[in-house]
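Structural characterization, general
Take a look at the letters that make up each chain.
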Amino acid sequence: MKKYIIAAACVAIGSASAFAADLPTRAPLPAPIALFTWTGFYLGGELGWIQTDPRYTTGALLLGTPFAVTSGTNRNGVTYGALAGYNYQAGNLVLGVEGDFAGWTVGTIHYTAITGDFLTAHSKWGGSIRGRLGYAVDHALFYVTGGAAFVSNETSIPTTGISVGGDGTRAGWTVGGGIDYAFTNNWFTGIEYRYSQYENKTFTYPIPVLKLGLIGFKQELNTNQVTARIGYKF
């Protein structure tokens, strides 16, 4: 009897093993999908259009006669440079900080007085340090931006070679907005518009002809720019 019980147990174990072998194997769990985030440092470049618009208010006297300067025209050109920043995303809200530095190819703006060319203005480069506030929709980021801006502006009298502005740097403020789009988890591109206004500067100097009097004027400077951006997020 004992032999029959052992034999039956062996058959049962063998049958269970065969049944288990016939069962379908469990498919492996899918790898977790990594959700995209704008959080991280990034570096990039920018290229676009810029318009500079220096304006002058004159208070000059030439032998007691007002010495007027024409209003001049704004100048369009190319802006090109580099940018760097950091974003932090919480839900759909994105907070960040960004800095950029760009060269400007806008040429020289000429202003005339009653004697012909009187002075010129030339902006060579600009930069900014800004905060950013954005709203992320998947891989798209809509944002506004604003902060401090800097510019190099040279003003001179072409007929005499006298430089009344030097090649100094002026501070100001900038504000704008744009959209970035990440076409991979690391690379993004975008477009941005900004308006910038810089501190006024006043110049006073003697007329270099027989010491006929003093020339004085105030220069105001602002810019508009639209740039395409591309960057790599670490």
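Below: a short report on this structure. Keep in mind it's a predicted model, so treat the numbers as computed, not measured. Within any chain, residue numbers begin from 1 and follow the written order of that chain's sequence. Two thresholds apply to this predicted model, a pLDDT of at least 70 for residue-level local features and 80 or more for giving and counting side-chain atom pairs, whereas whole-chain, interface and lining totals are computed over all residues. Derived side-chain values reflect all non-hydrogen atoms in the structure, with water molecules and hydrogen atoms excluded from consideration.

This part takes up the packing of aromatic side chains. Any two rings among Phe, Tyr and Trp, with Trp reduced to its six-membered ring, count as a pair given centres within 6.5 Å; such a pair is stacked if its planes are under 30 degrees apart, edge-to-face if over 60, and tilted if neither. Inspection of the entire model under this criterion finds eight aromatic pairs. An angle of 90° between the planes, with centres 5.5 Å apart, marks the rings of Y42 and F188 as edge-to-face. Here Y42 is found in strand 1 (residues 40-58), whereas its partner F188 is found in strand 10 (residues 187-206), with 146 residues between them in sequence. Under the relative-accessibility criterion, F188 is labelled buried at 4%. Taken together, a centroid distance of 5.2 Å and an interplanar angle of 75° make the contact between Y232 and F234 edge-to-face. The exposure class of F234 is exposed, given its relative accessible area of 57%. Connected via pairs of aromatic rings, a cluster forms that spans F36, W38, Y42 and F188. Put simply, a charge is over a ring when the Lys NZ or the Arg CZ is close to the ring centre, within 6 Å, and near the line of the ring normal, within 35 degrees. Positioned above the aromatic ring of Y143, the side-chain terminus of R132 is 4.3 Å from the ring centre. Here a strand is any run of E in DSSP of at least two residues, a helix any run of H or I of at least four, and the numbering for each starts at the N terminus. Working definition: with a 1.4 Å probe on protein chains only, accessible area under 20% of the residue-type maximum means buried, over 50% means exposed, and in between means partly exposed.

Looking now at the nonpolar core. Counting 10 residues, the largest nonpolar core is built from F36, W38, Y42, L83, V94, A136, L141, Y143, A182 and F188. Remark: nonpolar core denotes a set of buried residues (Ala, Val, Leu, Ile, Met, Phe, Trp, Tyr, Cys) joined through side-chain atoms within 4.5 Å. In this structure, I50, V106, A149 and Y198 belong to the second largest nonpolar core, which totals eight residues.

Attention shifts here to empty space enclosed by the protein. Both cavities and pockets are sets of points on a 1 Å grid over the protein atoms alone; in a cavity a 1.4 Å probe fits but cannot get out, in a pocket the set is open with protein on both sides within 12 Å along at least five of seven lines, and lining residues sit with an atom within 4 Å of a point. Grid points are joined across faces, edges and corners, and a volume is the space filled by probe spheres set on the points. Tallied over the entire structure, the rule returns one cavity of 30 Å³ or more. Around the largest cavity sit 13 residues that line it, and W104, G126, G127, R194 and Q225 are the ones nearest its centre. Elements with a contribution of two residues or more to the lining of the largest cavity: strand 5 (93-105), strand 7 (116-137), strand 8 (140-157) and strand 10. Under the grouping applied here, Gly and all other residues not named as nonpolar or charged are polar, the nonpolar ones being Ala, Val, Leu, Ile, Met, Phe, Trp, Tyr, Cys and Pro and the charged ones Asp, Glu, Lys and Arg. Across the lining of the largest cavity, the residue classes break down as five nonpolar, five polar and three charged.

With that out of the way, let us pick up the pairing of strand 4 (residues 75-90). Within a regular beta strand, the side chains point alternately toward one face of the sheet and then the other, so they alternate between its two faces. Any two strands between which DSSP finds at least two bridges are classified as paired. Relative to strand 5, strand 4 is paired through 13 bridges, and the arrangement is antiparallel. The partner of Q89 across the bridge, within strand 5, is V94. The turn joining strand 4 and strand 5, which pair antiparallel and follow one another in sequence, is formed by two residues; a positive phi near 65° is taken by G91.

Here the phi dihedral of D138 falls at roughly 60°; this positive angle occurs in a residue that is not glycine. Within the secondary structure, D138 is located in the loop between strand 7 and strand 8.

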